Amino acid sequence: MLHIRKKILVGALCASMVLSASQSVAWSESNSMTAEAGSAEAGSEESAADTAEAETSTAEASTSEAEPVEDEKQPIQEDDVLAECELAASNENFELLVNTKTGLFAFRTKDGDHIWWSNPYNADDDPVANNSKKEDLKSSLVINAVKVTDTESPSTTVRSWKDSVNAIVETADDIRPGLTVTMVDNGFRAEYTFPNEGITIPYYITLEGDYIQASIVVIDHDLQVVALLGQAVLHLLQDLGAAFSDEEGYIITPDGSGAVINFNNGKSKANEYTQRIYGRDLAKSQDMAPAKTEQAYLPVMGIVRNDNALLEVVTEGSAYATARAAVSGQKSTSYNSAWFNFQLRATDTYFMGGQNASALNAYQEDIIPEDRLTVRYYPIVKDDVSYVDVAKRYQQ
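Worth saying up front: this structure is predicted, and the values here are computed from it rather than measured. (Residues numbered from 1 in each chain as written. Predicted model: local features only at pLDDT ≥ 70, side-chain atom pairs only at ≥ 80, totals over all residues. Heavy atoms only, no water.)

1. Quick notes on the overall build of the protein chain
Working step 1: In terms of regular secondary structure, the protein chain is built from 5 helices and 26 strands.
Working step 2: Expressed as a percentage of its 396 residues, the buried residues of the protein chain come to 40%.
Working step 3: Contacts in the protein chain between residues far apart in sequence, at least 24 positions, make up 60% of those at least 6 positions apart.
Working step 4: For the protein chain, the accessible surface area stands at approximately 22,600 Å², while carbon and sulfur atoms represent 49% of it. (Helix = DSSP H or I, 4+ residues; strand = E, 2+ residues; numbered from the N terminus. Buried < 20%, exposed > 50% of the residue type's maximum accessible area, 1.4 Å probe, protein only. Contact = heavy atoms within 4.5 Å. Areas by Shrake-Rupley, 256 points an atom, 1.4 Å probe, with all protein chains shown as cover.)

Structure representation (structure tokens):
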């Protein structure tokens, strides 16, 4: 009996263990399914989040594309500048063109392969020049002057671009710009009126055979164009044919028997080349010993590149001219330039009243006895051109 009870007890215990194991398996499967469902739900949520994030990124990208982007400043193109110019004169070899609104002009070979500008047409893009130097680059005339009516005031700089081209002249009859350009035989006449200074300076640019001629009129039909100026130094076309800092070549100066200054020679801290044609005025007093320099015997300068050159010659007013030259950086621009300036009225300084006397300025009573100040510019086109070719052209 006892044996039967043990068998019944063992059978009941086995059945209980089987039932417990089956419940455990069921619980495990249930948990596994729940975990998978949870993972699926989590993956679904992550996928939804990714989709939402992608949609947001797309929306932001679309918004960014929709926003206007400010265009970068495009460099000025030479062809666009030429399109604004009018043909003033031409012959079988050359053409002279001018912008009648700004006074900017160019002369070029008939085939268009070589061109020389009166001023850098892209002066505003010069990375070295400040605003006032850019105004110098765009000015055909730059004048350092003192008014006769106020000779004790300091010298001021008057620029044709700022003080004439962009100035307004008011008269009893009309209101007009400071610059007036009219066509004449073989060229044009540009009349610069400086309303603040009360002066008018006409000058002519003409094409004469194989050269162009720039001629400033000092006296024009009884119009005293510079009579109101005391001390006056006029810089004429100081950047005509100027070479940018990425060009190779040199400047010819009339120093002694002649000398050259290489473009971009790195001497931006040195003084510009300045030499009075035929030497200093011996009638003027001299307080200090002059610098030891060679005298300039000829009114000649030149700019030489690889395949072309420009010869500059003063033909009227050379006794009042000074040869000037500057490499890139010297006058705070990127250009290598050669030009002439003219002294329109002589000045002198003297002392009266003893050792502690202050300086007194004396001015020439009349302006220079010249009707015109004239410079000729001879282009030379030749492979491997040199100063020898420039000298030969001057001999002609």
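There's plenty left to go through after this.
2. Overview of the sheet that holds strand β2 (residues 94-98)
Working step 1: Sheet architecture is open: 4 strands sit in the order β1-β2-β3-β4, paired in antiparallel fashion. In this open sheet, the two edge strands, each paired with only one partner strand, are β1 (86-90) and β4 (115-117). Between one strand axis and the next, the sheet turns by 20 degrees as a mean value, whatever way the strands run.
Working step 2: Sheet topology note: the β1/β2 ladder contains 4 bridges and is antiparallel. (Pairing = 2+ DSSP bridges. Axes fitted to C-alpha atoms, helices over the stretch in contact; angles between N-to-C directions.)

3. Observations regarding the packing of aromatic side chains
The relative placement of two aromatic rings is captured by the distance of their centres and the angle of their planes.
Working step 1: Evaluated as defined, the whole model comprises 7 aromatic pairs.
Working step 2: For the ring pair F107 and W116, a centre distance of 5.3 Å and an interplane angle of 20 degrees mean the geometry is stacked. Like F107, the residue W116 is buried in the burial classification.
Working step 3: Consider the rings of W117 and Y121, whose centres lie 5.3 Å apart with planes at 55 degrees: the pair is tilted.
Working step 4: Lying over the aromatic face of W339, K331 brings its terminal NZ or CZ to 5.6 Å of the ring centre. (Phe/Tyr/Trp six-rings, centres within 6.5 Å; stacked < 30°, edge-to-face > 60°. Lys NZ or Arg CZ within 6 Å of the ring centre and 35° of its normal.)

4. Focus on the side chain of D389
Working step 1: Note on placement: D389 falls in helix α5 (residues 387-395).
Working step 2: Separated by 2.7 Å, the side chains of D389 and K382 make a polar contact.
Working step 3: When neighbours within four sequence positions are excluded, D389 is seen to be in contact with I380, K382 and D384. (Polar contact = N/O pair within 3.5 Å; in protein donor to acceptor, adjacent residues only side chain to side chain.)

5. Quick look at the pattern of salt bridges
Working step 1: One pass over the full model with this rule turns up 9 salt bridges.
Working step 2: A salt bridge links D389 to K382, with the nearest nitrogen and oxygen atoms 2.7 Å apart.
Working step 3: Since its relative accessible area comes to 14%, D389 is described here as buried.
Working step 4: For K382, a relative accessible area of 40% corresponds to the partly exposed category. (Salt bridge = Lys/Arg side-chain N within 4 Å of Asp/Glu carboxyl O.)

6. Considerations on the sheet that holds strand β20 (residues 300-304)
Working step 1: Pairing is antiparallel across the open sheet formed by 9 strands, whose spatial order is β9-β10-β11-β12-β26-β21-β20-β17-β18. Since the sheet does not close on itself, it has two edges, and those belong to β9 (179-184) and β18 (259-262), each with one partner. Going from strand to strand, the sheet's axes swing by 20 degrees on average, the running direction of each strand aside.
Working step 2: Here β9 pairs with strand β10 (residues 187-194) via 6 bridges, running antiparallel. Residue pairing in the sheet places T180 in a bridge with E191 of β10.
Working step 3: On top of the sheet, α5 reaches β17 (250-253), β18, β20, β21 (308-316) and β26 (372-381); it is set at about 35 degrees to β21, its chief contact.

7. Considering a nonpolar patch on the surface
Working step 1: Together, V260, Y387 and V388 make up an exposed nonpolar region whose accessible area comes to about 270 Å².
Working step 2: On the secondary structure map, Y387 appears in helix α5. (Patch = residues over 30% accessible without salt bridge, like charges linked within 9 Å, V, L, I, M, F, W, Y side chains within 5 Å.)

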